[in-house]
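# Summary of the model geometry
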Amino acid sequence: MIGRRAGKRGFPILPTTISSQELGNVMTESERTLLRADVLRQDPRLEQAMQLLRDAVTDAQAPLNKVCRPQSGRTIEYEELLDRLAAGRGGKTYFPYLSSGLGNGPWVELDDGSVKLDFITGIGVHGMGHSNLDLVTAGVRAALQDTVMQGNLQQNPPTVHVLERLLALARQHGAPLGNCLLTTSGAMANENALKIAFYNRAPADRIIAFDNCFAGRSIAMAQLTDRPKYRTGVPTALAVDYIPPSDAENSAESIERSVAALDKQLKRHPGKYAALWMELVAGEGGYYPGSTEFFTALIERANQDDVLIIFDEVQSFGRLSRPFAMQHFQLDQYADIVTIGKISQLCATFYRETLHPKDPLLSQTFTAASSAIEACLVLLDQMEQGSMFGPEGTNMQIHHHFASGLQRLAEQYPGQISGPFGAGMMIAFTPGDGSANAASELVHRMFAAGLMGFVAGGNPARIRFLPPPTVTKLEHVDAALAILGSILAD
Ligand SMILES: Cc1ncc(COP(=O)(O)O)c(C=O)c1O
């Protein structure tokens, strides 16, 4: 035991020199024996246990491969549980959704015994599907890592691996991103992005963003988000100005209009903008992708005034033809700060090394759960080894298949749906007259019929899908189209 004496306020003070007796049997540098953690990790019982778990999950989940109605004997209990949930959280959930804790790819079993096709996945979170076997074993590996959470003062080697692999992925097409900060929510990743931008462009105190953007629910993000109702009563934390997003139907005009709006703002508040905030595919706003030409024109104008470029990829990460939307749109060279979340299981802010704040602006007790770190590593494996990316990758193939199916339904049922919209594994349609009521009504009918989607945007409101990219097959898309078709025919 190292000797300690009490300092002021009773805190122990470490001695400046430690005697060899005090060091006891500390090893010399050349010694290296198995860590006790390695002894645990290499214990053959773990491998057997993991295999047993995988087998048990496989057997249990196998029948979950089609829509099933709720079991009548469970509905009263289920409704009671939902009521208790509503009482606790102060309001009903959007859907009567409580998972049983088991699923199979895009299929999920609910606690009322129903089975649904989950094409919204917690708004883009369960990108590897339900009860993914690799995630089951990743969860066990995490449970054997001593602590549930990791953070600023409590990190294990998997944090290093995940950081390095995320950075390598972000840089693979030339983005000059040297640092990565993990965190627990998309809003917090965005908060960190904002802080980095303001720190580096002080005293600039404004942000410029797209009409209709969504950035999260913290006080600053509610300000950035272009939805007045999301900030009722919330004090103004940030000065934000908006410019029109891309209008794909009118691209040349749209570029001109948005660049002119940006130019006007930059001249109105010279030196006051820290960053141009961009979602490359507007998510909550209604699934509007921009184009390389559109974004490049804006970025080049912003760069003239030294305004930093932030890509908010919290929703789009993992869903387009390349892992990052900036890579899909070939904007890598312009990235100053980039955020991801949802499908990555943990959230992160990437930024240029030159932007690293010298003051202690960035720190958190929790950076991620051990299970989230392990799950992110599984996702990275699946992204690297799978066939999701490339112009012919499954993300784009599934998009085309889904989009042409929606197009057919739009032709078959004119006035009932229009579209499709979106990009890659972010796909949407406009229901009926595009009113919020039409969207909400159809989304609930879909849920009852076994297909989970969700609303997005306003004016027109849309119904969107975020299918799980690593497990969705064309046959799942056909099942979704069949359910939607039968509702429309009804
Ligand atoms: C583009 C975008 N940014 C940020 C967020 C906020 O993420 P979180 O809900 O994890 O805070 C979201 C969530 O939907 C999002 O879509």
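Residues numbered from 1 in each chain as written. Predicted model: local features only at pLDDT ≥ 70, side-chain atom pairs only at ≥ 80, totals over all residues. Heavy atoms only, no water.

## Some thoughts on the sheet that holds strand S13 (residues 308–313)
Ordered by their spatial adjacency, seven strands build an open sheet running S7-S15-S14-S13-S10-S8-S9, and the pairing between neighbours is mixed. What marks the edges here is a single partner per strand, and that holds for strand S7 (179–183) and strand S9 (239–243). Taken pair by pair, the neighbouring strands of this sheet meet at an average axis angle of 20 degrees, ignoring direction. Judged from the five bridges that link them, strand S8 (residues 206–210) and S9 form a sheet pairing that is parallel. Paired with Phe-210 across the bridge in S9 is Ile-243. (Pairing = 2+ DSSP bridges. Helix = DSSP H or I, 4+ residues; strand = E, 2+ residues; numbered from the N terminus. Axes fitted to C-alpha atoms, helices over the stretch in contact; angles between N-to-C directions.)

## Regarding the site of the ligand
Of all residues adjacent to the ligand, which total 13 residues, the nearest are Gly-186, Ala-187, Asp-312, Gln-315 and Lys-342. Between the ligand and Gly-186 there is a distance of 2.8 Å, counted from an oxygen atom to a backbone nitrogen or oxygen. A distance of 2.8 Å separates an oxygen atom of the ligand from a polar backbone atom of Ala-187. Here the ligand has 390 Å² of accessible area as a free molecule, and 82% of this is covered by the chains. It is helix H8 (residues 186–201) that provides the largest number of residues to the shell around the ligand, a total of three residues. Within the shell around the ligand, the residues separate by chemical class into four nonpolar, five polar and four charged. (Near = heavy atom within 4 Å. Polar contact = N/O pair within 3.5 Å; in protein donor to acceptor, adjacent residues only side chain to side chain. Areas by Shrake-Rupley, 256 points an atom, 1.4 Å probe, with all protein chains shown as cover. Nonpolar A, V, L, I, M, F, W, Y, C, P; charged D, E, K, R; others polar.)

## Some remarks on the nonpolar core
By size, the foremost hydrophobic cluster in this structure holds 104 residues, and its most contacted members are Met-278, Phe-311, Met-326 and Phe-350. When residues in this core are grouped by element, the largest group, eight residues, is from helix H13 (residues 370–385). Here this core spans two domains, and each of domain 1 (66–131 + 387–490) and domain 2 (141–385) adds at least three residues to it. Not counting chain neighbours up to four residues away, the residues in contact with Met-278 comprise Phe-210, Phe-295, Leu-298, Ile-299, Ile-309, Ile-310, Phe-311 and Asp-312. Listed in part, the 26 residues of the second largest apolar core include Phe-198, Ala-215, Ala-274 and Trp-277. (Core = buried A, V, L, I, M, F, W, Y, C linked by side-chain atoms within 4.5 Å. Buried < 20%, exposed > 50% of the residue type's maximum accessible area, 1.4 Å probe, protein only. Domains from an automatic or database assignment. Contact = heavy atoms within 4.5 Å.)

## Concerning the sheet that holds strand S3 (residues 99–104)
The strand order across the open sheet formed by four strands is S3-S4-S5-S19, and the pairing between neighbours is mixed. Each end of this open sheet is capped by a strand with a single partner; those strands are S3 and strand S19 (451–452). Here S3 pairs with strand S4 (residues 107–110) via four bridges, running antiparallel. Counted as the bridge partner of Ser-99 is Leu-110 from S4.

## Here we look at the side chain of Ser-316
Examined against the element boundaries, Ser-316 turns out to sit in the loop between S13 and helix H12 (325–328). Accessibility expressed as a relative area gives 2% for Ser-316, which makes it buried. Those residues in contact with Ser-316 that lie beyond four places of it in its chain are Ala-325 and Met-426.

## A word on helix H16 (residues 474–489)
Over its 16 residues, H16 runs 22 Å from end to end, which matches the ideal 22 Å to within 8%, given 1.5 Å per residue. Buried residues of H16: His-476, Val-477, Ala-480, Leu-481, Ile-483, Leu-484, Gly-485, Ile-487 and Leu-488, and no others. (Expected span 1.5 Å × (residues − 1).)

## Quick notes on the packing of aromatic side chains
For the structure on display, the rule yields 15 aromatic pairs. On the numbers, 6.1 Å between centres and 40 degrees between planes, the contact of Phe-429 with Phe-465 is tilted. One end of the pair, Phe-429, is in strand S18 (residues 426–431); the other, Phe-465, is in strand S21 (residues 462–465), and 36 residues separate them in sequence. Of the two residues, Phe-429 and Phe-465, neither departs from the other in class, the shared state being buried. An aromatic cluster of three or more residues is present, and its members are Tyr-94, Phe-95, Phe-447 and Phe-454. (Phe/Tyr/Trp six-rings, centres within 6.5 Å; stacked < 30°, edge-to-face > 60°.)

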